[in-house]
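Understanding the architecture of this molecule
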Amino acid sequence: MHVRVEDVPRRVAVRRRRWGEKLLEGCLAVCASVAVLTTAGIVAVLIFETAAFFRVVSIWEFLTDTQWTPLFVEKHFGILPLATGTLLTTGIALSVALPVGILAAIYLSEYCPEGLRRALKPALEVLAGIPTVVYGYFALLFVTPLLRQFIPSIAGLNALSAGLVMGVMIIPTIASLSDDALYVVPRSLREAAYALGASRRQVVLGVVVPAARSGILSALLLGISRAIGETMIVAIAAGMNPRLTLNPLVPIETMTAYIVQVSLGDTPTGSIEFRTIFAVGFALFLATLVFNVFSYAYARRFRETYR
Amino acid sequence: MNLATQGTPVGEPYVVEPSEPVAVEVQALSVWYRSFQALADVSFSIPRHRITAVIGPSGCGKSTFIRCLNRMNDLIPEFRMTGDIRLEGARIYEMDPTEVRRRVGMVFQKPNPFPKSIWENIAWGLRINGRRHDLAESVERALRRAALWDEVKDKLHMPATSLSGGQQQRLCIARVLAVEPEVLLLDEPTSSLDPIATARIEDLLIELKDRYTIVIVTHNIQQAARISDYAAFFYLGRLIEFQKTEDLFTRPRCSMTEAYITGRFG
Ligand SMILES: Nc1ncnc2c1ncn2[C@@H]1O[C@H](COP(=O)(O)OP(=O)(O)O)[C@@H](O)[C@H]1O
Ligand SMILES: [Mg+2]
């Protein structure tokens, strides 16, 4: 800011304004650091408690034991049943969300009229904002009974129903982000393809989708990360039975559902049973972190390609 | 030929019918984007295996015109046209557009290689046109014709975007040549290139005219004079003059043409 020396009263005013600005800046810095410090604090507690856990249970047992029974008399601390539970529900979710999400994105970006796209995009965002507890009860009270009509042997709590509904939950995320990626593929590339005598399908599948691949991959990874971290749906509809199986018809337990189970129970703080949730939480944190980081990296790469 | 100019101050266009075989005939072509008329009553014949330059100030409808020749404008919703364009006697607006575009290839102002490897850039066009056998040979032939083979033969699997601007533009030419079109349209293909890359492309076009009918849009008058056999001068959406380049540059018949080529406007 430029100030004339002879303009003294104005200088005072400017100085006061400067103090005001400093104050505001300080407030904003505090707010920003609250977010950063909270995250750091969470990670610190997670690491601290996880370290305490691994002083009692070996990492080897944690990673290889095939049973997870920390709440029973005969304790086993193998995360595999919980990990397969998460893998199973995430896999089922993806098998729905990947094709539907990407096809929806292709339709939105390449086929539907511009006006309809403008109406559908915000609708997708709204869909992404539905509380997941609603999806959870939808799975339990609607999808599972529906599935029972076709698969009578399916249990009341099962991975299939939770996974399918979780897939529906992440469709908006995948569809909307993939649509963004497809939509910004430059018109010049489409024209180049049409000019070679390509049909619309060939242009879309042969040029536009491959050109948007890192953006689509980023959307998928974010969807996977959300599925891995999703808690409500699986806690309500998939069961709380840690079981090393890939059978989608029986009750299972995911990592997130286990954390809910212990947090809601009366397990004493500081006990090894209680510390299990930090160990599981840490594993979950690592898994979602990896997917988020890759998603971010691909999104950046995509943006750099077309800027 | 009916060349009514509908009482505009432009006057009667001067259009010479070429005394050699014709590849593309344009008859009474008018184009609108919604209600805006971009071309008015354009008629002339483009001779086979010659280079025809389309010149004129920016916004006069040069791009609009050549994009009609391969039905590229069909992709623009507000586009509407009347008149007739014939390729070797057949009406292109009654043909399948993908067939038209395969026979009439196009190179754009800015090099636009696909974000794929150099090899894939050329192989893709071949594959979608059902030419899957001896891909390797066809890719090499196209790259040789575009005078690019020696520069890229050791890095065919590198991304096309790693090439220089001039190389990318020659790759785009190779990509079009691979599908063996009859006509090659180029819309200001050298406007984003340096003089050396420009000269290479000009030399290439002169080599290519033995096999292809070439139509090149350029706002570089010297370029038109250097490489073209025929030249069409457009102004405000109208064809003003079309004849042999030599004649157009030495004895322009319309005062507008003369003003433009002597650099008094545009
Ligand atoms: N898609 C379009 N919609 C509306 N007007 C257009 C469109 N494309 C071109 N025009 C207009 O048509 C006229 C001719 O454009 P163009 O053919 O691109 O000219 P040139 O290539 O000679 O510079 C210009 O006035 C331009 O603004
Ligand atoms: Mg133009």
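Now for a quick tour of the structure. (Residues numbered from 1 in each chain as written. Chains lettered and ligands numbered in written order. Predicted model: local features only at pLDDT ≥ 70, side-chain atom pairs only at ≥ 80, totals over all residues. Heavy atoms only, no water.)

Quick notes on the site of ligand 1
All names here are of chain B. Around ligand 1, the surrounding shell consists of Y33, F36, A38, S58, G59, C60, G61, K62, S63, T64, I76 and E78. Between ligand 1 and the protein, one listed contact pairs an oxygen atom with a backbone N or O atom of G61 at 3.1 Å. Contact with the protein chains hides 64% of the accessible area of ligand 1, taken as 560 Å² for the molecule alone. Listing elements by their share of the shell around ligand 1, those giving two or more residues are β3 (36-47) and α1 (62-69). (Near = heavy atom within 4 Å. Polar contact = N/O pair within 3.5 Å; in protein donor to acceptor, adjacent residues only side chain to side chain. Areas by Shrake-Rupley, 256 points an atom, 1.4 Å probe, with all protein chains shown as cover. Helix = DSSP H or I, 4+ residues; strand = E, 2+ residues; numbered from the N terminus.)

Notes on the packing of helix α4 (residues 114-128) of chain A against helix α6 (residues 159-183) of chain A
Residue and element names in this part refer to chain A. Running from N to C, α4 and α6 point in directions that differ by 145°, and their axes come no closer than 9 Å. Relative to α6, the crossing made by α4 is left-handed. Packed against α4, whose contacting residues are E114, R117, K121, L124, E125, L127 and A128, the element α6 presents P172, A175, S176, D179, D180 and Y183 at the interface. (Axes fitted to C-alpha atoms, helices over the stretch in contact; angles between N-to-C directions. Left-handed = near helix turned anticlockwise from the far one by under 90°. Contact = heavy atoms within 4.5 Å.)

Considerations on the interface of chain B and chain A
Chain B puts 24 residues into the contact, and the matching count from chain A is 19 residues. Interface area lost by chain B to chain A is led by P115, W124 and I128 of chain B, which between them contribute 31%. On the surface where chain B and chain A come into contact, there are one salt bridge. Among the ionic pairs, R67 of chain B bridges to E191 of chain A, the shortest N-O distance being 3.0 Å. The interface formed by chain B and chain A includes four residue pairs in polar contact (both at pLDDT 80 or more). Sorting the residues of the side of chain B that touches chain A by element identifies α2 (97-103), β7 (104-107), α3 (118-128) and α6 (165-178) of chain B as the ones contributing at least two each. Grouping the amino acids of the side of chain B that touches chain A by side-chain chemistry returns 13 nonpolar, six polar and five charged. (Buried area = accessible area lost by both parts, 1.4 Å probe. Salt bridge = Lys/Arg side-chain N within 4 Å of Asp/Glu carboxyl O. Nonpolar A, V, L, I, M, F, W, Y, C, P; charged D, E, K, R; others polar.)

Here we look at the packing of aromatic side chains
Aromatic rings in a pair are described by how distant their centres are and how their planes are angled relative to each other. Tallied over the entire structure, the rule returns 18 aromatic pairs over all chains. Summarising the aromatic geometry, the rings of F53 of chain A and F54 of chain A are spaced 5.1 Å apart at their centres and angled 75° between planes, so their arrangement reads as edge-to-face. Given a relative accessible area of 23%, F54 of chain A falls into the partly exposed group. With 5.3 Å between their ring centres and 75° between their planes, F114 of chain B and W124 of chain B make a pair best called edge-to-face. Of the two residues, F114 of chain B sits in the loop between β7 and α3 while W124 of chain B sits in helix α3, which places them ten residues apart along the sequence. Given a relative accessible area of 0%, F114 of chain B falls into the buried group. In textbook terms, an aromatic cluster arises when at least three aromatic residues are bridged by ring pairs, as seen for F53, F54, F62, W68, F77 and Y258 of chain A. Across the ring face of Y183 of chain A, the terminal group of R117 of chain A is positioned such that the distance to the ring centre comes to 3.6 Å. The residue whose ring lies beneath R80 of chain B is W32 of chain B, and the NZ or CZ to ring-centre distance is 4.7 Å. (Phe/Tyr/Trp six-rings, centres within 6.5 Å; stacked < 30°, edge-to-face > 60°. Buried < 20%, exposed > 50% of the residue type's maximum accessible area, 1.4 Å probe, protein only. Lys NZ or Arg CZ within 6 Å of the ring centre and 35° of its normal.)

Overview of the sheet that holds strand β6 (residues 90-91) of chain B
All names here are of chain B. Across the sheet, which stays open at both edges, the four strands sit in the order β3-β2-β5-β6 with antiparallel pairing between neighbours. If you trace the sheet from one side to the other, it starts and ends with β3 and β6, each paired once. Of the pairings in the sheet, the one linking strand β2 (residues 22-33) to β3 comprises eight bridges and is antiparallel in character. Considered in β3, the bridge of E25 is made with S45. Running at roughly 125° to β2, α1 makes contact with β2, β3 and β5 (79-87) of the sheet. (Pairing = 2+ DSSP bridges.)

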